[in-house]
Each structure stands twice: as C-alpha cells, then as structure tokens.
Amino acid sequence: MLKVGITGGIGSGKTTICRIFETLGIPVYYADERAKWLMLHDEALVDGVKQLFGEEAYTKEGLLNRPFIAQIVFNDQAKLNQLNQLVHPAVHRDGQTWHDAQKDVAYTLNEAALMVESGGYHKMDQLITVFAPKEIRINRVMARDQVERAAVEARISKQLPEEEKLKVAHHIIYNDGEHSLIQQVHQIHQVLVERKKLIEEIASS
Ligand code: ATP
C-alpha cells in the first residue's frame, strides 16, 4: 500500500476532497482530528502534556484546557515546539498503525493541514496539495465557521505560503470552483492505482 499525504491551506478543501476519495473506497486518516483524540486518550501523550504545562492542562473532567494551553504557546515559541515534539510522533505512530491495518487498497490517504510545515510529508510516498485562491478560502471559512475575516487571515498568516506546499507536491488539485473536483480526484486515483500495480509487478518479477 502506498501512503499518500493530502495537505493544503486552511479552507482549501482538503476534507471535502477526502470525502470524494472515500467514495472510491480509499480509507482516510484525518490526522488533525485524530491528534485531538490522542491528546485525550494516549496516556504517554497526556503525561507529556501535563509535564510540559502542569496539571492545569486538563480540566477535572479530563478534557484539554485549550484556552490555558493556547495562552501559553501564543507567547512562547519554545513551548509550542515542545508541544509539537510530543504530538507529532504520537500522531505519526498512530497513523502508521492505522495504515498497516488497512487491507486490499492500493493506497491510503493521510490528511493534515500542516504536513509540509511539520515535515511529516517526508514520511509519505506521495503528496497531494489542494490549492484554492486565498480570497475563496477566506470566504469559504468565514461561511463554514461563522467567523470574521480577520480571524481567518490570522490563521492563514501562521501557515506556510501556498507556493511552498505546491513546490513539494506530486499532485495538485485546484479547488477554485472552476475545475471539476471529481474529475481531478478520479485522475489522481487512477495514477496511484496504476503506480501501485506497477510496483507490485516489478517486485514480483
Ligand atoms: P481546514 O483546513 O479548515 O480543515 P479544509 O481544507 O479541510 O479546511 P473544507 O472544510 O473541505 O476545507 O472546505 C472549507 C469550506 O469550503 C467547507 O465549508 C466546504 O464545504 C467548502 N468548499 C470546499 N470546496 C468547495 C467547492 N469546490 N465549492 C463550494 N464550497 C466548497
């Protein structure tokens, strides 16, 4: 099985596109969602977070105290790096276990917003970058999350510029409302299935 990463800036349409891949039978690991789950349920990770931020990092009910952590890492880049150094390996291990458990598919998809920023794309066999113009992304996220323009722009400013994500992509999906998503997904799917077949043929010859 090939491991295919899918990334793109906020609101570029990663999740929407992953849903299309799912209709083709491709399993998708939603790394950002899973990271949130692991921060509550992976014991080693929970311990690490408590060591880094103190017991206050979790509420009495065992939920993550997001405002408390956010306020610390907002002003402390070193703490943010340390947090990432705890979370990224945990998500990578979990994603690898998930990938290994998938059966009878040519490839799996791993969706993560910051895959290029974190360097996680190096662990993928192939990378798909979803591209949508900034103005379209802003409007889509404002509508989806019911937030102000400034809030979306602030989130965009924390991500790498789109061109950096495009530079390292093996496949690009244009989600600008003009190119058909279904057609692009089908084309990439075909290429990946053929590639997997060829690799298997060569390996068994
Ligand atoms: P995030 O990085 O915030 O998780 P994302 O890249 O996963 O975002 P989506 O949630 O898939 O992006 O899309 C953002 C919003 O734009 C959603 O409300 C989605 O329904 C809408 N959207 C995505 N693609 C299109 C499209 N081609 N036409 C219309 N709306 C779209």
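Residues numbered from 1 in each chain as written. Predicted model: local features only at pLDDT ≥ 70, side-chain atom pairs only at ≥ 80, totals over all residues. Heavy atoms only, no water.

K.L.:
Explain the site of the ligand residue by residue, including any values.
P.N.:
Every residue near the ligand is listed here: Gly9, Ile10, Gly11, Ser12, Gly13, Lys14, Thr15, Thr16, Arg140, Arg144, Asn175 and Leu181. Note that an oxygen atom of the ligand is positioned 2.7 Å from one of the side-chain N or O atoms of Arg144. Considering the ligand on its own, with 630 Å² of exposed area, one finds that the protein chains cover 68% of that surface. For the shell around the ligand, the secondary-structure elements that each account for two or more residues are helix 1 (14-23) and helix 7 (134-145). Counting residues per element, the shell around the ligand draws most heavily on helix 1, at 3 residues. Of the residues contributing to the shell around the ligand, the split by class is 2 nonpolar, 7 polar and 3 charged. (Near = heavy atom within 4 Å. Polar contact = N/O pair within 3.5 Å; in protein donor to acceptor, adjacent residues only side chain to side chain. Areas by Shrake-Rupley, 256 points an atom, 1.4 Å probe, with all protein chains shown as cover. Helix = DSSP H or I, 4+ residues; strand = E, 2+ residues; numbered from the N terminus. Nonpolar A, V, L, I, M, F, W, Y, C, P; charged D, E, K, R; others polar.)

K.L.:
An account of the sheet that holds strand 1 (residues 2-8) is requested, with residue identities and associated values reported.
P.N.:
The strands making up a sheet are joined through hydrogen bonds of the backbone, oriented either antiparallel or parallel. Strand order across the open sheet formed by 5 strands is 2-3-1-4-5, with parallel pairing between neighbours. Since the sheet does not close on itself, it has two edges, and those belong to strand 2 (28-30) and strand 5 (171-174), each with one partner. In this sheet, neighbouring strand axes are inclined to one another by 20° on average, regardless of whether the strands run parallel or antiparallel. Here strand 4 (residues 126-131) runs beside strand 5; their pairing, made up of 4 bridges, is parallel. Its bridge partner lying in strand 5, Val130 is registered against Ile173. Packing against the sheet, helix 10 (residues 181-204) makes contact with strand 1, strand 3 (107-111), strand 4 and strand 5, and its axis sits at approximately 165° to strand 5. (Pairing = 2+ DSSP bridges. Axes fitted to C-alpha atoms, helices over the stretch in contact; angles between N-to-C directions. Contact = heavy atoms within 4.5 Å.)

K.L.:
Help me get a handle on the domain arrangement of the protein, residues and values and all.
P.N.:
The domains assigned to the protein are domain 1 (1-27 + 106-200) and domain 2 (32-101). Its C-alpha centre places domain 1 at a distance of 24 Å from the equivalent point of domain 2. Residue-level contacts link 11 residues of domain 1 with 6 residues of domain 2. Approximately 740 Å² of surface area, both sides summed, lies buried where domain 1 meets domain 2, with 60% of it carried by carbon and sulfur atoms. The largest contributions to the domain 1 side of the interface with domain 2 come from Met1, Lys3 and Lys123, which together make up 45% of the buried area. Between the two partners, domain 1 and domain 2, sit 0 salt bridges. Counting across the interface, domain 1 meets domain 2 through 3 residue pairs in polar contact (both at pLDDT 80 or more). Contributing elements (two or more residues each) for the side of domain 1 that touches domain 2: strand 1 and strand 3. Broken down by element, the side of domain 1 that touches domain 2 gets its largest block of residues, 3 residues, from strand 3. Classifying every residue of the side of domain 1 that touches domain 2 gives 6 nonpolar, 2 polar and 3 charged. (Domains from an automatic or database assignment. Buried area = accessible area lost by both parts, 1.4 Å probe. Salt bridge = Lys/Arg side-chain N within 4 Å of Asp/Glu carboxyl O.)

K.L.:
Help me get a handle on the pairing of strand 4, residues and values and all.
P.N.:
For strand 4, the tally of buried residues reaches 5 of 6 residues, placing the bulk of the element in the interior. Sheet topology note: the strand 1/strand 4 ladder contains 5 bridges and is parallel. Looking across to strand 4, one finds that Gly8 is bridged to Val130. (Buried < 20%, exposed > 50% of the residue type's maximum accessible area, 1.4 Å probe, protein only.)

K.L.:
For the side chain of His99, give the residues involved together with the corresponding values.
P.N.:
Positionally, His99 belongs in helix 5 (residues 77-101). His99 sits in the buried class, given a relative accessible area of 7%.

K.L.:
Please set out helix 2 (residues 31-41) residue by residue, giving values where relevant.
P.N.:
Of all the residues in helix 2, the buried ones are Ala31, Ala35, Leu38 and Met39. Looking down the long axis of helix 2, one finds its buried residues gathered within 100° of arc, a one-sided arrangement. At its buried positions, helix 2 is contacted by strand 2, helix 3 (43-53), helix 5 and strand 3. (Arc of directions from axis to C-beta.)

K.L.:
So, unusual backbone geometry: which residues are in play, and what are the values?
P.N.:
One non-glycine residue, Asp104, adopts positive backbone phi at about 55°. Under the relative-accessibility criterion, Asp104 is labelled exposed at 81%. Of note, the phi angle at Gln146 is positive, near 55°, even though the residue is not glycine. Note that Gln146 resides in the loop between helix 7 and helix 8 (149-157).

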